[in-house]
Amino acid sequence: MAIKGLEYLYMETHDWEGSKAFWQSLGFELIMSLGTAGKFVHPESEGAVFLEQVSEDREPAMRIYLTGDRHAPVPVPEASVSAPWSQSHWGSHLLELVDPDGRPVIVQDRD
């Protein structure tokens, strides 16, 4: 599998306004606003943070999204596939991996 790099860190929050202010105080700029969700980038970095508010009855999650190629083989000796490539509701394709410590790692192909 050809991994092309880190696409973004996905983080859920119970406090959109507080979390938005936190990331902005660190120098990140909100470049895509979706109400109580949005994508932040730092002018001196290529990585991004995607922040989304979730309901209070849900524990906020955090996932790493990598950019990859779904047409390449999937040799993952240090991680296992927890869900095969599938189309997301926003049009990309996602492969879900689990690292050796049980953390989710999502590979995204936008082709």
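Below you will find a few notes about this structure. What you are looking at is a predicted structure, and each value in this text was computed from that prediction instead of being measured.

A look at the sheet that holds strand E7 (residues 93–98)
- Read across the sheet, 8 strands follow the order E2-E3-E4-E1-E5-E8-E7-E6 without closing on themselves; strand pairing throughout is mixed. On the outer flanks of this sheet lie strand E2 (29–33) and strand E6 (80–87), each paired with one strand and no other. Strand-to-strand twist across the sheet, computed as the mean angle between neighbouring axes with direction ignored, equals 25°.
- With 4 bridges joining them, strand E5 (residues 62–68) and strand E8 (residues 104–109) adopt parallel strand pairing. By the bridge assignment, Tyr65 is partnered in E8 with Ile106.

Structural notes on the nonpolar core
- Core analysis: the largest hydrophobic core is formed by 9 residues, namely Tyr8, Tyr10, Ala37, Val41, Ala48, Phe50, Tyr65, Leu94 and Ile106.
- Of all the secondary-structure elements, those providing two or more residues to this core are strand E1 (3–13), strand E3 (37–41) and strand E4 (48–53).
- Setting aside residues up to four positions removed in sequence, Ala48 forms contacts with Glu7, Tyr8, Leu9, Lys39, Phe40 and Val41.
- Met11, Trp23, Phe28 and Val49 belong to the second largest nonpolar core, which has 7 residues in total.

Definitions and cut-offs
Along each chain, residue indices are assigned from 1 in the same order as the chain's sequence is written. The predicted origin of the model limits local features to residues at a pLDDT of at least 70 and limits the giving and counting of side-chain atom pairs to 80 or more, whereas totals for whole chains, interfaces and linings rest on all residues. For side-chain calculations, the full set of non-hydrogen atoms in the structure is used, while hydrogens and water are omitted. In this analysis, strands are considered paired if DSSP registers two or more bridges between them. Each helix corresponds to a stretch of at least 4 residues labelled H or I by DSSP, and each strand to a stretch of at least 2 residues labelled E; elements are numbered beginning at the N terminus. To obtain each axis, a line is fitted to C-alpha atoms, and for helices this fit is confined to the stretch in contact; angles are then taken between N-to-C directions over 0 to 180 degrees. Here, nonpolar core refers to any group of buried Ala, Val, Leu, Ile, Met, Phe, Trp, Tyr and Cys residues whose side-chain atoms link them within 4.5 Å. When a residue's accessible area, from a 1.4 Å probe over protein chains only, is under 20% of the maximum for its type it is buried; when over 50% it is exposed; and in between it is partly exposed. Two residues form a contact once any of their heavy atoms are found within 4.5 Å.

So yeah, pure geometry; function would need other evidence.
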